[in-house]
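What follows is the residue order along each chain.
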Amino acid sequence: MTTEFIGKKSAAAGGWGALKSCGKRLLESGAPLSGARILLKANQPDGFDCPGCAWGDPEHGSSFEFCENGVKAVSWEATEKRATPAFFAAHTVSELKQHSDYELELNGRLTHPLRYDRASDRYLPVSWEEAFADIGAILKGLDNPDRAEFYTSGRASNEAAYLYQLFVRLYGTNNFPDCSNMCHEASGVALRQAIGVGKGTVLLEDFEKADAIFVIGQNPGTNHPRMLGDLRRASLRGAEIVVFNPVREKGLERFSDPQDKLEMLQGGSTAIASRYFQPRLGGDMAAVRGMSKAVFAADDAALAAGLPSLLDRAFLTEHCADFDAYRAAVDATGWDEIEDQSGLTRAEIEEAASVYLKAERVICTWAMGVTQHIHSVATIREIASFMLLRGNVGKPGAGLCPVRGHSNVQGDRTVGINEKPPAAFLDALEKHFGVPMPRENGHNVLAAIGAMLDGTAQAFIALGGNFARATPDSALVAEAMGRMKLTVNIATKPNHSHLMPGEVSFILPCLGRTEMDVNSRGQSQLISVEDSMSMVHGSAGINRPASPHLKSEVAILAGIAEATLGNGTVNWRELAEDYDLIRNHIEATIPGFADFNTRLRKPRGFHLRNSAAHREWNTPAAKASFYTGSLPAETVHQRATRGENRFALQTFRSHDQYNTTVYGLDDRYRGVYGERQVIFIHPEDLKALNAKAGDRVDVVSEFEDGVERVAKSFRFVPYDIPRGSIAGYYPELNVLVPLGSAGLESHTPTSKSIMVTFRNRQQAA
């Protein structure tokens, strides 16, 4: 064993490394010239929405509105490789299970609908008509609609998602486990409590006006690189960018913009973070409360000196509830507790607060580094409270900005993919379609897995995604999938979820985002998506479909719905032929979509009005609400310090990855090459373990449920991360995330706060 997999880190995000990576991915696709041509249509008014992330598109777009991750996503989808029936005839499911996620998807695009044959342990071709009929028969044969689970990936369009929820609710259940449950559920819950709407309040143009931008628990360089361009422009005009992240991430330090010719020619880069703080895992809430404490102290000093208040008192009086209770909660929180829980010093926190106090307009952004903890909802409430102190919600250049991952995860929720549907939405559906809708809340992801394990659920249908690899407790999920009477995966490429067939199992291949969607009359279909800034815009692929046997997601769902329910209440085939008709239904049942078809066809689409951005608060108090609770009794990092060989683990993506899709085995921003089974750890922690870089260990999850969870043979990588905190890639480490460990109120798996120990260490040569 060696440490050859550990190499040089990129000096900056982007730059020539990004261009080289783009070229490599285009070559690997087998169609580099057509791939390059396709990219010119990415995120353009007359093109397709990039499936790479949910970052917004500017009103003043350029000819190049794609990034390195966008190139990877488009090349991955537009590959010339095909997973034909011959491929599945040559490999049993048992054989394919031995392949890694990366190896499986390298086989290319699915071309035919397939049905699992248990006798041969292979997937065999099946006609669309037979697949729909069999799926419909099994769904109709269940004794209760609640025995079926309907999963949604955030890549689905608004039209597909709306049709899906309509079918499932007419079928009789609200069982909608979806990818939101595993990422930003805490953001939606917390923001609805705080400001009355579960979305961010900013537009992309607000980043051009902000004086300061706080980036918490987020790594845009890997997860949404186009955001780096906006942060770079903000930095160049003098805005302060304050980062809170336990791990030193290259994209938050420096960025070399491939579209800046001079910077590229000179080999230069631009500093992103003006302040970079590394809290311990789970310590963000304490850090934010510490900043509020510092703001209150500075305000008290200003008032004592006869100076104007540093708080926006008029805003607090007119627009906020529970301010005095929040002040009391902050006053009751001592600096010793804040420092111990955050892992930062009082001086560091006061330095961050000073940036906030000097800025008239502040944006705060965050991602899954905040949302995947037990106390994530409370943390986001704390962030919102901090921002309210100086009126930084509902004015230009300021606001709250949760940054979503999948390109339409926010839109799917907007159009009804929600296991807890609002009564007003169900009322609108009932009025429009003239039939009752199920009223009992359905299953989220964790509840769905539980129902699959205990036998309550008997059927599972996935609209995209790789459910078995994205979810926690991998071994239990594999067991749950195998217990199903029916599993259906609507997908573009083979993945591990397909290799966990139920009694009857189908893989149904669909069109990708880059491909033309043409109806039987030869007319091109347009879909829509919603980004993190609540902009809704159209998307139309330009590639010829990978196979003539592919159907769109809408057509597949319509086929299943027709086979299950018939065409009595809804003419499913008619909707599949004309997506404008689906949008008419959306317009009739969901506020904000008036004149949907006309506005969608305007360049850059339209904005869904955000009431909180206009200082209209849909909360019980009709005001923005401060959080009045205390800090968590203990974070995962504090628990890790009690005893030897105990660490707080977080999972994250490599740079060559998007969610569960692995594009390659290199992570040049962190200096790791050709290896994914790694643990990033502080050098002093390695020394304390009497270990060195490259040593292999088994990682054991510590959770009080009697289940042993082990990730075997992972290699140490020394890294700039707080002592006692470690990190590694998912989905490889998802096996360590206990199904029973979930966020309070959000029910999100706690993938950023896993207590682990090491054992069976083997030293590197």
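Scroll up to find the structure.
The structure contained in this document is the topic of the report that follows.

## With respect to the overall build of the protein chain
Reasoning step 1: Each helix and strand in the protein chain was counted, giving 31 helices and 31 strands.
Reasoning step 2: Its C-alpha radius of gyration of 25 Å places the protein chain within 12% of the 27 Å reference for a compact globule of 765 residues.
Reasoning step 3: Projected onto its principal axes, the C-alpha positions of the protein chain cover 80 × 65 × 55 Å.
Reasoning step 4: For the protein chain, with 765 residues in total, the buried portion stands at 63%.
Reasoning step 5: Sequence separation of at least 24 residues holds for 79% of the intrachain contacts in the protein chain that already meet a minimum separation of 6.
Reasoning step 6: Per element, the accessible surface of the protein chain, about 26,500 Å² overall, is 52% carbon and sulfur.
Reasoning step 7: Distance between charge centroids for the protein chain: 3 Å, based on 81 positive and 92 negative side chains.

## Remarks on the pairing of strand S4 (residues 114-117)
Reasoning step 1: Because side chains alternate across S4, one face comprises the buried residues Leu114 and Tyr116, and the other comprises Arg115 and Asp117, none of which is buried.
Reasoning step 2: Where S4 lies against strand S5 (residues 122-125), four bridges are found, and the strand directions are antiparallel. Across the sheet, the residue bridging to Arg115 is Leu124, located in S5.
Reasoning step 3: Hairpin connection from S4 to S5: four residues lie between these consecutive antiparallel strands, with Asp121 at a positive phi of about 60°.

## So, the side chain of Asn519
Reasoning step 1: Considering the arrangement of structural elements, one finds Asn519 in the loop between strand S17 (504-509) and strand S18 (527-530).
Reasoning step 2: Separated by 2.9 Å, the side chain of Asn519 and the backbone nitrogen of Gln523 make a polar contact.

## Remarks on the state of the cysteines
Reasoning step 1: Per the counting criterion, the structure on display carries zero disulfides.
Reasoning step 2: The thiol of Cys179 is not disulfide-bonded; the next cysteine sulfur, from Cys183, is found 5.4 Å away.
Reasoning step 3: The thiol sulfur of Cys510 is not disulfide-bonded, and the nearest other cysteine sulfur, from Cys179, lies at 14 Å.

## Some details on helix H28 (residues 579-589)
An α-helical segment advances 3.6 residues per turn. Residues three or four places apart therefore align on the same side.
Reasoning step 1: Taken together, the buried positions of H28 are occupied by Tyr579, Ile582, Arg583, Ile586 and Thr589. The arc that holds the buried residues of H28, viewed along the axis, is 130°, so those residues lie on one side.
Reasoning step 2: Where the residues of H28 are buried, they touch helix H8 (158-171), helix H22 (423-433), S18, helix H26 (553-565), helix H27 (572-577) and helix H29 (596-600).
Reasoning step 3: Backbone nitrogen of Asp580 and a side-chain oxygen of the N-cap are separated by 3.0 Å at the start of H28; the cap is Asp578.

## Here we look at the sheet that holds strand S16 (residues 486-491)
Remark on secondary structure: sheet strands pair via backbone hydrogen bonds, oriented parallel or antiparallel.
Reasoning step 1: The strand order S5-S4-S17-S16-S15-S6 describes an open sheet built from six strands, whose pairing is mixed. Pairing within the sheet leaves two strands with one partner each, and these edge strands are S5 and strand S6 (148-152). Between one strand and the next, the sheet's axes are offset by a mean angle of 20°, whatever the strand orientation.
Reasoning step 2: Relative to S16, strand S15 (residues 459-463) runs parallel, the two being bridged by five bridges. If you follow Ala459 over to S16, its bridge partner there is Leu486.

## Quick look at the side chain of Glu732
Reasoning step 1: Its location among the elements puts Glu732 in the loop between strand S30 (725-729) and strand S31 (754-762).
Reasoning step 2: Looking at Glu732, its side chain comes within polar contact range of the side chain of Arg676, at 2.6 Å.

## Structural notes on the packing of aromatic side chains
Reasoning step 1: This structure, assessed with the given rule, holds 31 aromatic pairs.
Reasoning step 2: A ring pair is formed by Trp128 and Phe132, whose centres lie 5.5 Å apart and whose planes are at 40°; its orientation type is tilted. Taken together, the residues span about one helical turn, with Trp128 and Phe132 both in helix H7 (residues 128-141) at a distance of four residues. Here Trp128 and Phe132 have matching classes, each one buried.
Reasoning step 3: Just above the ring of Tyr356 sits the side chain of Arg390; from NZ or CZ to the centre is 6.0 Å.

## With respect to the sheet that holds strand S22 (residues 647-652)
Reasoning step 1: What the six strands build is a closed barrel, ordered S22-S30-S27-S29-S28-S31; its pairing is mixed. On average, each strand axis in the sheet is inclined to that of its neighbour by 45°, with strand direction left out of account.
Reasoning step 2: The pairing of strand S27 (residues 678-681) with strand S29 (residues 710-718) spans four bridges and is classified as parallel. Looking across to S29, one finds that Val678 is bridged to Arg715.

## Some details on the nonpolar core
Buried together is how nonpolar side chains tend to be arranged in soluble globular proteins.
Reasoning step 1: Leu139, Phe150, Phe167 and Leu508 are the most contacted members of the largest nonpolar core, which has 60 residues in total.
Reasoning step 2: The element best represented in this core is H8, accounting for nine residues.
Reasoning step 3: In this structure, Leu508 is in contact with Pro113, Trp128, Ala131, Ile135, Val488, Asn489, Ile490, Ala491, Ile556 and Ile560, ignoring residues within four places of it in sequence.
Reasoning step 4: Grouped together as the second largest cluster of nonpolar side chains are 59 residues, Phe277, Ala286, Ile380 and Ala624 included.

## As for the pattern of salt bridges
Oppositely charged side chains can form a pair if their charged atoms are brought close together.
Reasoning step 1: Taken as a whole, this structure holds 42 salt bridges when the rule is applied.
Reasoning step 2: Salt-bridge contacts for Glu185 lead to Arg413; the nearest nitrogen and oxygen are separated by 3.1 Å. Here Glu185 is found in helix H9 (residues 185-195), whereas its partner Arg413 is found in helix H21 (residues 409-414), with 228 residues between them in sequence.
Reasoning step 3: Here Glu185 falls in the buried class, since its relative accessible area comes to 7%.
Reasoning step 4: When the shortest N-O distance is used, the salt bridge between Glu577 and Arg521 registers 3.4 Å.

## Notes on helix H14 (residues 284-304)
Reasoning step 1: With 21 residues, H14 extends 30 Å between its outermost C-alpha atoms, agreeing within 8% with the 30 Å of an ideal straight helix rising 1.5 Å per residue.
Reasoning step 2: Within H14, 15 of the 21 residues are buried, which leaves the element mostly enclosed by the surrounding structure.
Reasoning step 3: Gly306 occupies a position one or two residues after H14 and carries a positive phi of about 80°.

## Some words on the environment of Phe167
Reasoning step 1: Inspection of the secondary structure puts Phe167 in helix H8.
Reasoning step 2: Along the backbone, Phe167 and Thr564 are 397 residues apart, and their C-alpha atoms lie at a distance of 9.0 Å.
Reasoning step 3: Apart from residues no more than four positions distant in its own chain, Phe167 is found in contact with Leu139, Phe150, Ile560, Ala561, Thr564, Leu565 and Trp572.

The rules behind these values
- Residues numbered from 1 in each chain as written.
- Predicted model: local features only at pLDDT ≥ 70, side-chain atom pairs only at ≥ 80, totals over all residues.
- Heavy atoms only, no water.
- Helix = DSSP H or I, 4+ residues; strand = E, 2+ residues; numbered from the N terminus.
- Rg over C-alpha atoms; globule rule 2.2 N^0.38 Å.
- Buried < 20%, exposed > 50% of the residue type's maximum accessible area, 1.4 Å probe, protein only.
- Contact = heavy atoms within 4.5 Å.
- Areas by Shrake-Rupley, 256 points an atom, 1.4 Å probe, with all protein chains shown as cover.
- Lys, Arg positive; Asp, Glu negative; His and termini not counted.
- Charge placed at Lys NZ, Arg CZ, Asp CG, Glu CD.
- Pairing = 2+ DSSP bridges.
- Polar contact = N/O pair within 3.5 Å; in protein donor to acceptor, adjacent residues only side chain to side chain.
- Disulfide = S-S within 2.5 Å.
- Arc of directions from axis to C-beta.
- Axes fitted to C-alpha atoms, helices over the stretch in contact; angles between N-to-C directions.
- Phe/Tyr/Trp six-rings, centres within 6.5 Å; stacked < 30°, edge-to-face > 60°.
- Lys NZ or Arg CZ within 6 Å of the ring centre and 35° of its normal.
- Core = buried A, V, L, I, M, F, W, Y, C linked by side-chain atoms within 4.5 Å.
- Salt bridge = Lys/Arg side-chain N within 4 Å of Asp/Glu carboxyl O.
- Expected span 1.5 Å × (residues − 1).

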